[in-house]
Amino acid sequence: MEKVHIEFLVEEFSTQECLNQILPKILFENVTYKIHAFRGKSDLIKKLPERLKGYQCWIPDDYRIIILVDRDNEDCQMLKEKLENIAQQTGLITKTISEDKKTFQVLNRIAIEELEAWFFGDIQAIVSAYPKVSTNVGQQAKYRKPDEITGGTWENLEKILQKAGYHRGGLEKVKAAREISQFMTPAHNCSPSFQIFYQGLLAMIS
């Protein structure tokens, strides 16, 4: 198999921690990667044009780039278009404009509405990381559709964990990301935005 290297551009360290745990479960031995965490989504988007221009000047044929941000309260389609336009203006080929959807350099993906929704997509991973959390959490109507949780996904995660006696001083996002994601099973995650990310990643390395 040909070697592939992926550069991940993510908005914060909690996303980096999550990827550090789940990527070894997904990637083949011929795939290497490096994760670059920014100081929030606005910082990433502000620096993205110059970063991608830099890649475009020297990027080898076996390099790929994945940009991953939270939707937060933004319009998903407009955010995706913003990322697509930045990439395309540098001359890089995104999956969206790739003719065969297989030959592309850049994959733009959005966690809806936040990274923590991906954790709710795998309740068993949360329970494995924090055994005092009730296994019935996933049966509650509010959490059955991770990408549609209202009131903020990290706030909801904090509430559940604190109720079980964890993170009493406030949710430590990086710590929680590391502890939960190590138990995640990518193929079984029920967050639609996670599955779009997962399938896009598989398409990139196939």
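Structure: see above.
This report concerns the structure included in the present document. Here the structure is a predicted model, which means the values were calculated and not measured.

Here's the deal with the side chain of Asn-108
Turning to step 1, where the next piece is worked out: Looking at the secondary structure, you find Asn-108 in strand S4 (residues 106-111).
Turning to step 2, where the next piece is worked out: Looking at Asn-108, its side chain comes within polar contact range of the side chain of Glu-84, at 3.0 Å.
Turning to step 3, where the next piece is worked out: Those residues in contact with Asn-108, other than ones at most four positions away along the chain, are Ile-67, Lys-80, Leu-83, Glu-84 and Thr-94.

Section: the sheet that holds strand S1 (residues 4-10)
Where strands meet in a sheet, backbone hydrogen bonds hold them as pairs that are either parallel or antiparallel.
Turning to step 1, where the next piece is worked out: Ordered by their spatial adjacency, four strands build an open sheet running S2-S1-S3-S4, and the pairing between neighbours is parallel. Of all strands in the sheet, those bounded by a partner on one side alone are strand S2 (31-37) and S4. Neighbouring strand axes in the sheet, compared pairwise and without regard to direction, differ in orientation by 20° on average.
Turning to step 2, where the next piece is worked out: Looking at chain direction, S1 and strand S3 (residues 63-70) are connected through six bridges and run parallel. Paired with Ile-6 across the strands is Arg-64, a residue of S3.
Turning to step 3, where the next piece is worked out: Contacts between helix H2 (residues 41-58) and the sheet are confined to S1, S2 and S3, with S3 contributing the most and set at about 170° to the helix.
Turning to step 4, where the next piece is worked out: Across the sheet, helix H3 (residues 76-89) is in contact with S3 and S4; its angle to S4 comes to roughly 155°.

Section: the pairing of S2
Turning to step 1, where the next piece is worked out: With seven bridges connecting them, S1 and S2 associate as parallel partners. What sits directly across from Ile-6, in S2, is Tyr-33.
Turning to step 2, where the next piece is worked out: The handedness of the S1 to S2 crossover, carried by helix H1 (residues 13-26), is right-handed.

Things to note about the nonpolar core
Turning to step 1, where the next piece is worked out: Counting 47 residues, the largest nonpolar core has Ile-6, Phe-8, Val-133 and Leu-201 as its most contacted members.
Turning to step 2, where the next piece is worked out: Top element by residues in this core is helix H8 (residues 192-205). It accounts for six residues.
Turning to step 3, where the next piece is worked out: With residues near it in sequence (within four places) discarded, Phe-8 still touches Leu-19, Leu-23, Tyr-33, Lys-34, Ile-35, His-36, Ile-66, Phe-197 and Leu-201.
Turning to step 4, where the next piece is worked out: The next biggest cluster of nonpolar side chains, apart from the first, holds 19 residues, and it includes Leu-52, Ile-67, Val-69 and Leu-83.

Thoughts on the packing of H1 against helix H7 (residues 173-181)
Turning to step 1, where the next piece is worked out: Packing of H1 against H7 brings their axes to within 7 Å, and their N-to-C directions diverge by 10°. With respect to H7, the axis of H1 lies roughly parallel. In contact with Phe-13, Ser-14, Glu-17, Cys-18, Gln-21, Ile-22 and Lys-25 of H1, H7 contributes Lys-173, Val-174, Ala-177, Arg-178 and Ser-181.
Turning to step 2, where the next piece is worked out: Grouping the amino acids of the contact of H1 with H7 by side-chain chemistry returns five nonpolar, three polar and four charged.

Examining the environment of Gln-77
Turning to step 1, where the next piece is worked out: Structurally, Gln-77 can be placed in helix H3.
Turning to step 2, where the next piece is worked out: Classification of Gln-77 as exposed rests on a relative accessible area of 57%.
Turning to step 3, where the next piece is worked out: Along the primary structure Gln-77 and Ile-110 are separated by 33 residues, whereas in three dimensions their C-alpha atoms are 9.9 Å apart.

Definitions and limits used
- Residues numbered from 1 in each chain as written.
- Predicted model: local features only at pLDDT ≥ 70, side-chain atom pairs only at ≥ 80, totals over all residues.
- Heavy atoms only, no water.
- Helix = DSSP H or I, 4+ residues; strand = E, 2+ residues; numbered from the N terminus.
- Polar contact = N/O pair within 3.5 Å; in protein donor to acceptor, adjacent residues only side chain to side chain.
- Contact = heavy atoms within 4.5 Å.
- Pairing = 2+ DSSP bridges.
- Axes fitted to C-alpha atoms, helices over the stretch in contact; angles between N-to-C directions.
- Right-handed = clockwise from strand over helix to strand, strands pointing away.
- Core = buried A, V, L, I, M, F, W, Y, C linked by side-chain atoms within 4.5 Å.
- Buried < 20%, exposed > 50% of the residue type's maximum accessible area, 1.4 Å probe, protein only.
- Parallel < 35°, antiparallel > 145°, perpendicular 65-115°, else oblique.
- Nonpolar A, V, L, I, M, F, W, Y, C, P; charged D, E, K, R; others polar.

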